[in-house]
Amino acid sequence: MTSPHPIVPEPVVIDTDPGVDDAIALLMALSSPLLDIVGLTTTAGNVPIHPATRNALAILESLGRTDIPVARGATRPIRGRYAYSRHVHTAEGLTHPLPPPNTRTSHADAVQYLAQTLQARPGEVTVIALGPLTNLARLQRKYPSALRLAKRLFVMGGAVGVPGNVTPHAEFNFYSDPTAARLVIESEVPLSLIDMAPCRQVFLTRDDVVAAHPSTAEGVMAERLLAGWFRLDRTRERFNMYDPLTLVAAVCPEAIKFRSVTMTVDDSVTTDDSTLWGRCLVLDETGGPTRVAEPGGVDVATSLRVIRELLGWS
Ligand code: RIB
Ligand code: CA
């Protein structure tokens, strides 16, 4: 009986604005035998860059993973200002207190770190973007060939043919920096976009958290973050798994069926209706470099199973 091929974990860099759902996604990635997190890059988004970066460092330090470098990124979008989402994630960005980290960020900033990592390992490293796309857009501008060196690119963002979660047209990450989103999408670097359509279908309830019974340190932290999130507002019924579903797409290809399109993102300042900012515009339904979920293409049961397995929830 030949031994099965050993799993070779895929190197990934995660660009993140933690944020509670970012934190859950990071905990899943840390637990996955399929992924080797080579580094984190941070961006403001849910909260300003200082708490976002502090949270990334604190999560890694709490789990004994200070081997993973954190490169500090965008403090502001390419144009305008970040909207922040303190009302969802609190001003600190997390809903369970973690010890302040002693670890410091890397000397390289996020753009330098991404360029160095992708250029040193062409075609090997997957990039998973969970916040506004400012770091990736600045990478594209300063090192035009770097992003294309990624093995795969997963992006949480956008609302393709469905309402947004910030305005009727725009999802938060794309609304926060629509120019960055447009530059990354128009770069034609192939990417898988996990947008509002599949994300609306994958959520956890208050009762799911009560029944978690986590068996791992990552699962305990996730349980505490989610319990804290629900405790903040007793009217809250669902925690949408935006960033966690993006992780699922990276480790479980069968969870989401994609279709390829050509699209762009509206960052026009000429419109007098700012609710149009960050909206997704599909230019060609018959194909293109952006993979978006097919309507009804997410396997909700499989997605939730993968999330619970990676969190060690029974
Ligand atoms: O719209 C949801 C996205 O915006 C998630 O990535 C969440 O963390 C926020 O960044
Ligand atoms: Ca995020």
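What counts, and at which threshold
Residues numbered from 1 in each chain as written. Chains lettered and ligands numbered in written order. Predicted model: local features only at pLDDT ≥ 70, side-chain atom pairs only at ≥ 80, totals over all residues. Heavy atoms only, no water. Near = heavy atom within 4 Å. Polar contact = N/O pair within 3.5 Å; in protein donor to acceptor, adjacent residues only side chain to side chain. Helix = DSSP H or I, 4+ residues; strand = E, 2+ residues; numbered from the N terminus. Nonpolar A, V, L, I, M, F, W, Y, C, P; charged D, E, K, R; others polar. Core = buried A, V, L, I, M, F, W, Y, C linked by side-chain atoms within 4.5 Å. Buried < 20%, exposed > 50% of the residue type's maximum accessible area, 1.4 Å probe, protein only. Contact = heavy atoms within 4.5 Å. Donors = N, O, S within 2.8 Å, 3.2 Å for Na, K, Ca; no water. Phe/Tyr/Trp six-rings, centres within 6.5 Å; stacked < 30°, edge-to-face > 60°. Lys NZ or Arg CZ within 6 Å of the ring centre and 35° of its normal. Salt bridge = Lys/Arg side-chain N within 4 Å of Asp/Glu carboxyl O.

Engineer: Honestly, the site of ligand 1 in this entry has me stumped. Any pointers?
Structural biologist: Residues in close proximity to ligand 1 include Asp17, Asp21, Asp22, Asn46, Leu130, Met156, Asn165, Glu171, Phe172, Asn173, Tyr242 and Asp243, which together make up its full environment. Asn46 places a polar side-chain atom, nitrogen or oxygen, 3.0 Å from an oxygen atom of ligand 1. Asn165 has a polar side-chain atom sitting 2.8 Å from an oxygen atom of ligand 1. If you list the elements that add at least two residues to the shell around ligand 1, you get helix H1 (20-31), helix H6 (172-176) and helix H11 (242-251). When grouped by side-chain class, the residues that make up the shell around ligand 1 number 4 nonpolar, 3 polar and 5 charged.

Engineer: Please clarify how the nonpolar core should be interpreted in this entry.
Structural biologist: Soluble globular proteins tend to bury their nonpolar side chains together. Ranked by size, the top nonpolar core spans 62 residues in total, and within it Ile14, Leu40, Ile59 and Ile256 carry the most contacts. Residues contacting Ile14, with those up to four places away along its chain left out, are Leu26, Ala29, Ile37, Gly39, Leu40, Thr41, Ile128 and Leu130. Core analysis: the next-biggest nonpolar cluster, separate from the first, contains 37 residues, Leu133, Leu139, Val189 and Leu193 among them.

Engineer: What should I look at first to understand the coordination of the calcium ion (ligand 2) in this one?
Structural biologist: Each pair of donors in an ideal four-coordinate tetrahedral metal site encloses 109.5 degrees, whereas pairs in an ideal six-coordinate octahedral site enclose 90 or 180 degrees. Around the calcium ion (ligand 2), the protein supplies Asp17 (OD), Asp22 (OD), Asp22 (OD), Leu130 (O) and Asp243 (OD) as donor atoms, at distances of 2.2 to 2.6 Å. Coordination of the calcium ion (ligand 2) draws on donor residues from a single chain, spaced D-x4-D-x107-L-x112-D in sequence. Residue Asp22 is classed as buried on the basis of its relative accessible area of 0%.

Engineer: Explain the packing of aromatic side chains here, please?
Structural biologist: Tallying each qualifying case throughout the model produces 3 aromatic pairs. Between the aromatic rings of Tyr82 and Tyr84, the centroid separation amounts to 6.3 Å while the plane-to-plane angle is 45°, which identifies the pairing as tilted. Overall, the relative accessible area of 5% leaves Tyr82 in the buried class. With a centroid separation of 5.0 Å and 85° between ring planes, the pair formed by Trp229 and Phe230 is classed as edge-to-face. No difference in accessibility class separates Trp229 from Phe230, as the two residues are buried. In textbook terms, an aromatic cluster arises when at least three aromatic residues are bridged by ring pairs, as seen for Trp229, Phe230 and Phe239. Sitting over the face of the ring of Trp229, Arg236 holds its NZ or CZ atom 4.2 Å from the ring centroid. Arg238 extends its terminal NZ or CZ atom over the ring of Phe203, reaching a point 3.9 Å from the ring centre.

Engineer: I'm lost on unusual backbone geometry in this one. Help?
Structural biologist: Most peptide bonds take the trans configuration, and most residues that are not glycine carry a negative phi. The omega torsion across Pro18 and Gly19 is -20°, close enough to zero to call that bond cis. Backbone geometry at Tyr84 places phi at a positive 55°, although glycine is not the residue there. Within the fold, Tyr84 resides in the loop between strand S3 (70-71) and helix H3 (86-89). Backbone geometry at His213 places phi at a positive 50°, although glycine is not the residue there. By the secondary structure assignment, His213 is in the loop between helix H9 (206-210) and helix H10 (217-231).

Engineer: How should I be thinking about helix H7 (residues 178-186) in this particular structure?
Structural biologist: For the α-helix, the turn length of 3.6 residues means that residues three or four positions removed from each other point alike. The buried fraction of H7 is high, at 7 of 9 residues. By the burial criterion, the buried members of H7 are Pro178, Thr179, Ala180, Ala181, Leu183, Val184 and Ile185. Taken together, the buried residues of H7 touch helix H5 (134-142), H6, strand S6 (191-194), strand S9 (256-265) and strand S11 (290-298). A positive backbone phi angle near 65° is found at Glu188, which sits one or two residues after H7.

Engineer: Would you explain the pattern of salt bridges in this entry?
Structural biologist: One pass over the structure, following the stated rule, counts 10 salt bridges. Notably, a salt bridge pairs Asp267 with Arg79, separated by 3.9 Å at the nearest N-O pair. With Asp267 in the loop between S9 and strand S10 (280-284) and Arg79 in the loop between S3 and H3, this residue pair connects regions lying 188 residues apart in the sequence. Taking relative accessible area as the criterion, Arg79 reaches 33% and is therefore assigned partly exposed. Asp266 is the partner of Arg279 in a salt bridge, and the nearest nitrogen-oxygen pair spans 2.8 Å. In this pair, Arg279 sits in the loop between S9 and S10 while Asp266 sits in the loop between S9 and S10, placing the two residues 13 residues apart along the sequence.

By themselves, these observations are geometric and do not establish any function.
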